[in-house]
2 protein chains.
Amino acid sequence: MDIVEFFELSCGKWFSQRTSHHLAFQKAEAGKSDLIIEKLDPTAADVVKLCEQCGVDATTALLGLKTTWSGAMDWDPNKREGSTVLVAIAEPDQPHTGTLLRQHGIVSEAPIVGRYALGADEALTLITDHESIYTEERWWFASPNLRLRSSLLKQADGYSTSSFCSEIRMGLGK
Amino acid sequence: MDIVEFFELSCGKWFSQRTSHHLAFQKAEAGKSDLIIEKLDPTAADVVKLCEQCGVDATTALLGLKTTWSGAMDWDPNKREGSTVLVAIAEPDQPHTGTLLRQHGIVSEAPIVGRYALGADEALTLITDHESIYTEERWWFASPNLRLRSSLLKQADGYSTSSFCSEIRMGLGK
């Protein structure tokens, strides 16, 4: 599996259960979301715009992935919505690792330039290191209809939060 | 890192936060435990006994790991205690994969013979396939003092539960 196939397998409607463990406070919080994940062509406006914002040549974009989510945390009755765009950048002779651009759907938030690596076990590792915040995520498919994601957040004073998402495919398209 | 080093790094006192996602019911449950993890020599009584129960030559045991836990789930005020013994079996010319024996501390429960694999990324994968129940676990150290574990349970009708533990080292010994 390469990054294009991984992103394509991610497309569809998903139900996501998320739990975060706050390590120092020894507290957990849980939430649920509905996700719609769509593939973006390398020439799509969102892809070109994100490349430009990151100072990356847009012709090196392999593809993008847009995740639109709607959900709530257990402690907060208000439903929240948002979207995230990822863009994978081709690197010559490096089919399984490369640069990954990420834009959370908040215009005021600067996009982040990170790295991805697709392992021999077909798990995708995403790493960002930005302004003293380091994140390491691992995404993998237990089956085509069950995607799992773990993530770890490290700040200046050490690891602060770990999270885990279990995502069940609810449909192929929108 | 080999399995002996992985087990040795696991020894000590840990605080564990656990979350299980029940996939079909779209429900989560959380809990907390204190763990004491000790290394068992290959000639320790618990190791020899577990090898014998599994019909495995006890002289092939590399080492054992005993985890004693005390904790509670959020929905249940009663504290529960228990222990688990793991024994890694040496396999000629296979330093990074092998057989793993597991005994939960319930005498009536039969021990389980599974497999382990230590990846190039130093994560330990544990697989058991026993009476139509398949489990796949991944254990890894984010740092020497932060151990993470994900697990996935598959039954006859498909994947049923995923779990995630974040474990913080609270001390080196008992």
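Here we summarise the structure given alongside this text. Keep in mind the model is a prediction, meaning the values are calculated, not measured. (Residues numbered from 1 in each chain as written. Chains lettered and ligands numbered in written order. Predicted model: local features only at pLDDT ≥ 70, side-chain atom pairs only at ≥ 80, totals over all residues. Heavy atoms only, no water.)

1. Some thoughts on the overall build of chain A
Looking only at helices and strands, chain A has two helices and ten strands in total. Along chain A, helices (α) and strands (β) appear in the sequence α-β-β-α-β-β-β-β-β-β-β-β when read from the amino end. Its C-alpha atoms give chain A a radius of gyration of 16 Å, within 12% of the compact-globule value 16 Å for 174 residues. Counting only C-alpha atoms, chain A reaches 45 × 40 × 35 Å along its principal axes. Sequence separation of at least 24 residues holds for 46% of the intrachain contacts in chain A that already meet a minimum separation of 6. Per element, the accessible surface of chain A, about 8,700 Å² overall, is 54% carbon and sulfur. In chain A, the 17 positive side-chain charges and the 24 negative ones have mean positions that sit 7 Å from each other. (Helix = DSSP H or I, 4+ residues; strand = E, 2+ residues; numbered from the N terminus. Rg over C-alpha atoms; globule rule 2.2 N^0.38 Å. Contact = heavy atoms within 4.5 Å. Areas by Shrake-Rupley, 256 points an atom, 1.4 Å probe, with all protein chains shown as cover. Lys, Arg positive; Asp, Glu negative; His and termini not counted. Charge placed at Lys NZ, Arg CZ, Asp CG, Glu CD.)

2. Digging into the pairing of strand E4 (residues 80-89) of chain B
Residues and elements named next belong to chain B. Sheet topology note: the strand E3 (residues 61-73)/E4 ladder contains ten bridges and is antiparallel. Following the sheet pairing, Trp-69 is matched in E4 by Gly-82. Linking E3 back to E4 in an antiparallel pair, the connection comprises six residues. Sheet topology places E4 next to strand E5 (residues 97-104); six bridges connect them, and they run antiparallel. In the strand pairing of E5, Val-85 is matched with Gln-103. (Pairing = 2+ DSSP bridges.)

3. Brief notes about the packing of aromatic side chains
The geometry of an aromatic ring pair is captured by the separation of the ring centres together with the interplanar angle, meaning the angle of the planes. This model, assessed by the stated rule, comprises five aromatic pairs over all chains. Judged by centre distance (4.9 Å) and plane angle (10°), the rings of Phe-164 of chain A and Phe-164 of chain B are stacked. Taken together, the positions of Phe-164 of chain A in strand E10 (residues 158-171) and Phe-164 of chain B in strand E10 (residues 158-171) put the pair across two chains. Through successive ring pairs, a cluster of aromatic residues spans Phe-6, Trp-14 and Phe-141 of chain A. (Phe/Tyr/Trp six-rings, centres within 6.5 Å; stacked < 30°, edge-to-face > 60°.)

4. Let's talk about the sheet that holds strand E6 (residues 112-118) of chain B
Residue and element names in this part refer to chain B. One closed barrel holds the ten strands; their spatial order is E1-E2-E3-E4-E5-E6-E7-E8-E9-E10, and the pairing between them is antiparallel. Averaged over all pairs of adjacent strands, the angle between their axes in this sheet comes to 25°, without regard to strand direction. Strands strand E1 (12-22), strand E2 (27-40), E3, E4, E5, E6, strand E7 (124-130), strand E8 (133-143), strand E9 (146-155) and E10 of the sheet are contacted by helix H1 (residues 3-10), whose axis makes an angle of about 30° with E3. (Axes fitted to C-alpha atoms, helices over the stretch in contact; angles between N-to-C directions.)

5. A few points about unusual backbone geometry
Despite not being glycine, Glu-122 of chain A has its phi angle at roughly 65°, a positive value. With relative accessibility at 36%, the residue Glu-122 of chain A sits in the partly exposed group. In this structure, Ser-132 of chain B takes a positive phi of about 65° despite not being glycine. Inspection of the secondary structure puts Ser-132 of chain B in the loop between E7 and E8. By relative accessible area, Ser-132 of chain B is classed as exposed at 52%. (Buried < 20%, exposed > 50% of the residue type's maximum accessible area, 1.4 Å probe, protein only.)

6. Points about the relation of the copies chain A and chain B
Once turned by 180° and shifted 0.0 Å along the axis, chain A lies on chain B with an RMSD of 0.0 Å. Taken together, the rotation angle and the small translation identify this as a two-fold axis. (Least-squares fit on C-alpha atoms with pLDDT ≥ 70 in both.)

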